[in-house]
Amino acid sequence: MGLPDGSLQKTLAAYNEHAAKGEDPEFHKHKKWIQPLTQAPFAAINCTFGTSPIMGFTLGGLKTNEKGQVLTASGAAVPGLYAAGACASNLAYDSMGYSTGTCIGESTFFGRQCGIHAAG
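Report follows, based on the coordinates. Bear in mind the structure is a predicted one, so any value in this text is a computation, not a measurement. One numbering rule holds for all chains: residues counted from 1, following each sequence as written. The model is predicted, so local features are restricted to residues of pLDDT at least 70 and side-chain atom pairs to those at 80 or more, both for listing and for counting; the totals for chains, interfaces and linings are taken over all residues. Calculated side-chain values reflect all of the structure's heavy atoms, with hydrogen atoms and water omitted.

Here we come to the packing of aromatic side chains. Any two rings among Phe, Tyr and Trp, with Trp reduced to its six-membered ring, count as a pair given centres within 6.5 Å; such a pair is stacked if its planes are under 30 degrees apart, edge-to-face if over 60, and tilted if neither. Tallying each qualifying case throughout the model produces 1 aromatic pair. Taken together, a centroid distance of 5.0 Å and an interplanar angle of 90° make the contact between Phe-109 and Phe-110 edge-to-face. Residue exposure (1.4 Å probe, protein chains only): buried if accessible area is under 20% of the type maximum, exposed if over 50%, otherwise partly exposed. Looking at Phe-109, the relative accessible area reads 46%, which means it is partly exposed. The class for Phe-110 is buried, based on a relative accessible area of 18%.

Below is the structure:
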């Protein structure tokens with residue numbers, strides 16, 4: 001995969017150290033889903049855009065308001081930046097309660113809110 005020697009081992013060791021305490025400071029995974037990864041076999045999958053057949057999404061990420069504006073860590077709206085669907089922290093922001101198709105409804109509703117606000 002072209003990674004530096006030992007980088008996967010270092011990443012796994014750091015993750016396991018925090019997971020043992022029920023923490024995920026890197027990605028802030030919901031506590032219910034955090035557990036140390038100690039049982040082999042392990043695999044590394046190259047998910048580089050354009051090379052991987054795997055599709056995935058974050059179940060939320062960018063924090064938004066009711067208009068779809070992306071918010072900073074302090075809660076201020078970033079002018080001209082909007083997000084909707086799977087890239088926004090909407091219904092499935094905590095990885096709980098997701099069901100297939102949820103993002104379609106979010107994309108439709110919040111996409112329209114983003115457009116209305118941007119055009120206003």
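On we go from here.
In short, DSSP must find at least two bridges between two strands for them to pair. The helix and strand labels rest on DSSP assignments: H or I over at least four residues marks a helix, E over at least two residues marks a strand, and numbering proceeds from the N terminus. In the sheet, strand S1 (residues 69-71) pairs with strand S2 (residues 77-82) via 2 bridges, with the strands oriented antiparallel. Across the sheet, Leu-71 pairs through a bridge with Ala-77, a residue of S2. If you look at the hairpin formed by S1 and S2, you'll find 5 residues sitting between the two strands, and Gly-75 has a positive phi there, around 95°.

Below, the discussion takes up the layout of surface pockets. When its volume is computed, the largest pocket comes out at roughly 710 Å³. Residues are called lining when one of their atoms sits within 4 Å of a cavity or pocket point, these points coming from a 1 Å grid over the protein atoms alone, where a cavity is a set in which a 1.4 Å probe fits but cannot get out and a pocket is an open set with protein on both sides within 12 Å along at least five of seven lines. Considering the residues around the largest pocket, the lining is formed by 16 residues, among which Thr-11, Leu-12, Tyr-15, Phe-27 and Leu-37 are closest to the centre. Note that Gly is not counted as nonpolar here; it falls among the polar residues with everything else outside the nonpolar set of Ala, Val, Leu, Ile, Met, Phe, Trp, Tyr, Cys and Pro and the charged set of Asp, Glu, Lys and Arg. Looking at the lining of the largest pocket residue by residue, the class counts come to 10 nonpolar, 3 polar and 3 charged. Grid points are joined across faces, edges and corners, and a volume is the space filled by probe spheres set on the points.

Turning next to unusual backbone geometry. In this model, Ala-40 is joined to Pro-41 through a cis peptide bond whose omega is 10°. Within the element layout of this structure, Pro-41 appears in the loop between helix H1 (7-19) and S1. Residue His-28 is not a glycine yet carries a positive backbone phi of 60°. Checked against the element boundaries, His-28 lands in the loop between H1 and S1.

For patch building, the residue pool is restricted to those with more than 30% relative accessible area and no salt bridge; the joining distance is 9 Å between like charges and 5 Å between nonpolar side chains (Val, Leu, Ile, Met, Phe, Trp, Tyr). Only the protein chains shown count as cover for residues, and all accessible areas are computed by the Shrake-Rupley method using a 1.4 Å probe. Just to be clear on terms, a salt bridge is a Lys or Arg side-chain nitrogen sitting within 4 Å of an Asp or Glu carboxyl oxygen. Judged by side-chain polarity, Met-1, Leu-3 and Leu-8 come together as a nonpolar surface patch covering roughly 300 Å² of accessible area. Here Leu-3 shows up in the segment before H1. Residue Leu-3 is classed as partly exposed on the basis of its relative accessible area of 41%.

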